[in-house]
Amino acid sequence: MRSFEQRNAHFDRLVNAKGLRWLGQNTNHAPVHPAVAEAMQRCIAEEEFHIYGPPAGLEELREGIVADLGLPGLSALVSDGAVASLYHACHTLLAPGVEFITTDPTWNWPMAFARSVGATVKQIPIYGEEYGYRLAPERLAAAITPKTKVIYLVDPNNPLGTACTREEIAAIADIARKADAWLIHDCTYRHFAYDHTLAATLYPEKTITIYSFSKWLGLAGLRVGAIVAHPDLVERLAVAPPNNLGSSILSQRAAAAGIKVKAQWFPQVLELTRANQKLIKDAVDGIDNLKMPVFPSSGNFVVIETAGAGVSPEALVAEYQKHNIMIRQGAYHTPSFGDRFVKVSTSVPAEWVEEFVALLPDLVERARGNNEPVKLF
Ligand SMILES: Cc1ncc(COP(=O)(O)O)c(C=O)c1O
């Protein structure tokens, strides 16, 4: 079977698995606010889906996104999820021979988009105590070359859960400006951060802020997100977007309703996420040589280092699969460091995490020393 068929069959099995506990994709499983459900029900009842949405997105939604970020003067282009925004930005801004710089680990798909248009990809390692699991701006500065066209910064970082400080963002924005490079600031997990600074406030002319509704609002399956950037760039991006007939009207209605109730709904989700993190931290601390290198995490996920305990991430993932629990092996994110860790999502029902932690000591024992190859994606 071809590899994409295998990968698809794998995810199709997961999607159709009854009662699977989704602790592997940073999705948000908190029950939706009634206003979001009503917005979708209205859209369906009125059969609004016969129409196309406006090409750049519903004005109400565009305004809501810009206001949520607090970036007046910048413009939003609604997309079919942050990944589509990243695809569109990479295809518009990159060309053969230019360079795209990001961290290792990072979120991988934008590297694939960059390579697919002929750009070269450079990664700066940030995994490990020696780096503090974060990007030191000096190391970014040292990696820049005259060919650097795009800096791709996932902040908070997926999978690490570290967020850049205000000082780091200021330095990174400065470096990008000096290099005249585009700064793609992927803020998919911003809402979960303890503190977060938007590079667009410091370098508005060439920062592209990537926004997602998959994580904070829990709409991953509805595919809605946005690019927020200077109106001149949005004008350019709007010339040939993949969704020039608009993004899903159902998804946009849900997202617009979600932004309106964010202040009353999201704080509880954040509280749940952080309480779940703590449960995992306590369980990890109770097992010899297992480690949570970043705590607290500024994402809705945590990294657990298994290498010190002699446990391969794949073996642990396979053990959890037997219990209908999905967690993610590090290799999904990085070939260089992927043998050291697994990633576990925390914006999920507390019972899922309780089950995860209750199984942890036993499954670590079972996985220890098991290096049999397991096909994972
Ligand atoms: C850093 C990062 N960017 C973008 C995405 C994709 O977001 P969306 O579901 O909005 O396409 C993800 C999904 O996990 C992600 O981790």
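Cut-offs and rules
- Residues numbered from 1 in each chain as written.
- Predicted model: local features only at pLDDT ≥ 70, side-chain atom pairs only at ≥ 80, totals over all residues.
- Heavy atoms only, no water.
- Axes fitted to C-alpha atoms, helices over the stretch in contact; angles between N-to-C directions.
- Helix = DSSP H or I, 4+ residues; strand = E, 2+ residues; numbered from the N terminus.
- Parallel < 35°, antiparallel > 145°, perpendicular 65-115°, else oblique.
- Left-handed = near helix turned anticlockwise from the far one by under 90°.
- Contact = heavy atoms within 4.5 Å.
- Nonpolar A, V, L, I, M, F, W, Y, C, P; charged D, E, K, R; others polar.
- Phe/Tyr/Trp six-rings, centres within 6.5 Å; stacked < 30°, edge-to-face > 60°.
- Buried < 20%, exposed > 50% of the residue type's maximum accessible area, 1.4 Å probe, protein only.
- Lys NZ or Arg CZ within 6 Å of the ring centre and 35° of its normal.
- Near = heavy atom within 4 Å.
- Polar contact = N/O pair within 3.5 Å; in protein donor to acceptor, adjacent residues only side chain to side chain.
- Areas by Shrake-Rupley, 256 points an atom, 1.4 Å probe, with all protein chains shown as cover.
- pLDDT = per-residue confidence, 0-100.

Participant: Any chance you could explain the packing of helix α4 (residues 82-93) against helix α5 (residues 109-116) here in plain terms?
Facilitator: The angle between the axes and the distance between the axes are what describe a pair of packed helices. The N-to-C vectors of α4 and α5 enclose an angle of 30 degrees; their axes lie 9 Å apart at closest approach. Classed by the angle they form, the pair α4 and α5 counts as roughly parallel. The chirality of how α4 crosses α5 is right-handed. Facing Val83, Leu86, Tyr87, Cys90 and His91 of α4, the residues of α5 in contact are Trp109, Pro110, Phe113, Ala114 and Ser116. Residue composition of the contact of α4 with α5, by class: eight nonpolar, two polar and no charged.

Participant: It is not clear to me how the packing of aromatic side chains should be interpreted in this structure. Could you clarify?
Facilitator: For any pair of aromatic rings, the description rests on two quantities: the centre-to-centre distance and the angle between the ring planes. Scanning the entire structure with this criterion turns up 13 aromatic pairs. With a centroid separation of 5.0 Å and 80 degrees between ring planes, the pair formed by Tyr189 and Phe301 is classed as edge-to-face. On the criterion of sequence distance, the pair formed by Tyr189 in the loop between β6 (182-186) and β7 (207-212) and Phe301 in strand β9 (residues 301-305) is long-range, its members being 112 residues apart. In this structure, Tyr189 and Phe301 share a single accessibility class: buried. Ring centres 5.4 Å apart and planes at 70 degrees place the aromatic pair Phe192 and Phe266 in the edge-to-face group. Separated by 74 residues along the polypeptide, Phe192 in the loop between β6 and β7 and Phe266 in helix α9 (residues 249-285) bring together distant segments of the chain. Here Phe192 matches Phe266 in class, with each residue buried. An aromatic cluster is defined as three or more aromatic residues linked by ring pairs; in this entry it consists of Phe192, Tyr211, Phe213, Trp216, Trp265 and Phe266. Above the plane of the ring of Trp216 lies Lys262, whose end atom (NZ or CZ) is 5.8 Å from the centre. The lysine or arginine in question, Lys343, covers the ring of Phe301, its NZ or CZ lying 5.5 Å from the ring centre.

Participant: Looking at this model, I keep getting lost on the site of the ligand. Mind explaining?
Facilitator: Taken together, 13 residues surround the ligand, and among them Asn158, Tyr189, Ser212, Ser214 and Arg223 come closest. Contact between the ligand and Asp186: a nitrogen atom at 2.7 Å from a side-chain N or O atom of the residue. At a separation of 2.6 Å, an oxygen atom of the ligand approaches a polar side-chain atom of Arg223. Burial of the ligand by the protein chains amounts to 93% of its free accessible area of 400 Å². Tallied by class, residues from the shell around the ligand come to five nonpolar, five polar and three charged.

Participant: Looking at this model, I keep getting lost on the confidence of the model for the chain. Mind explaining?
Facilitator: In low-pLDDT regions, the fine details of the predicted coordinates are not to be read closely. Looking at the chain as a whole, its pLDDT mean stands at 97, while 100% of the residues score no less than 70. The spread of mean pLDDT over the elements of the chain runs between helix α1 (residues 3-16), the lowest at 93, and β6, the highest at 99.

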